[in-house]
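Structure at a glance
Here is how the chains run, residue by residue.
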Amino acid sequence: MEKRPLSQQELRNTLPGEAITLTAVMAILAIGIIAVVAYNLFKSKEGSVKLPGGFTFEWN
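Let me begin by describing the structure that accompanies this report. All residue numbers refer to position in the chain's written sequence, counted from 1. Totals for whole chains, interfaces and linings use all residues, but because this is a predicted model, local features are given only for residues with pLDDT of at least 70 and pairs of side-chain atoms are given and counted only at 80 or more. Side-chain numbers come from the whole structure's heavy atoms, not from hydrogens or water.

Each helix is a run of DSSP H or I of at least 4 residues and each strand a run of E of at least 2, with the numbering of both proceeding from the N terminus. When helices and strands are tallied, the protein shows 2 helices and 2 strands. In sequence order, the protein lays out its α and β elements as α-α-β-β. Radius of gyration means the value over C-alpha atoms here, while the globule rule gives 2.2 Å times the residue count to the 0.38 power. Since a compact globule built from 60 residues should have a radius of gyration of about 10 Å, the 22 Å found for the protein marks it as more spread out than a globular shape. When its C-alpha atoms are laid out on the principal axes, the protein stretches across 65 × 20 × 10 Å. A total of 60 residues make up the protein; the buried ones form 3% of that total. As displayed, the protein offers around 6,000 Å² of accessible surface, 67% of which is attributable to carbon and sulfur atoms. Exposure classes here rest on a 1.4 Å probe applied to the protein chains alone. A residue is buried below 20% of its type maximum, exposed above 50%, and partly exposed in between. Residue exposure ignores everything except the shown protein chains as possible cover, and the areas themselves are Shrake-Rupley values with a 1.4 Å probe.

Right, dumping it as structure tokens:
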């Protein structure tokens, strides 16, 4: 595949915003997951959560 510069028409049709939308959706998803984990920890008398990356949270 060969690289070529965009024409003036292609530049006019290119709209920003896709990366911002994707970032916002991922941020909301992460906040939702953290909220559910925190809710379950605080609601239970005892509990633990193991997350990828070696993170472990315990509630005694």
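Turning our attention to the pattern of salt bridges. In the sections that follow, a salt bridge refers to a side-chain nitrogen of Lys or Arg positioned within 4 Å of a carboxyl oxygen of Asp or Glu. The tally for this structure, following the rule as stated, stands at 1 salt bridge. Here Glu10 and Arg4 are joined by a salt bridge, their closest N and O atoms 3.2 Å apart. What makes Glu10 partly exposed here is its relative accessible area of 28%. Exposure remark for Arg4: the relative accessible area of 58% places this residue in the exposed category.

Let's shift gears to helix α2 (residues 18-43). Between its first and last C-alpha, α2 extends 38 Å over 26 residues, near the 38 Å set by a 1.5 Å rise per residue. For α2, a buried count of 1 out of 26 residues is recorded, marking the element as mostly open to its surroundings. To estimate the expected span of a helix, subtract one from its residue number and multiply by 1.5 Å.

The subject of this paragraph is the pairing of strand β2 (residues 55-59). Between any two strands, at least two bridges found by DSSP are needed for them to pair. One ladder, built from 5 bridges, connects strand β1 (residues 47-51) with β2; its direction is antiparallel. In the strand pairing of β2, Leu51 is matched with Phe55.

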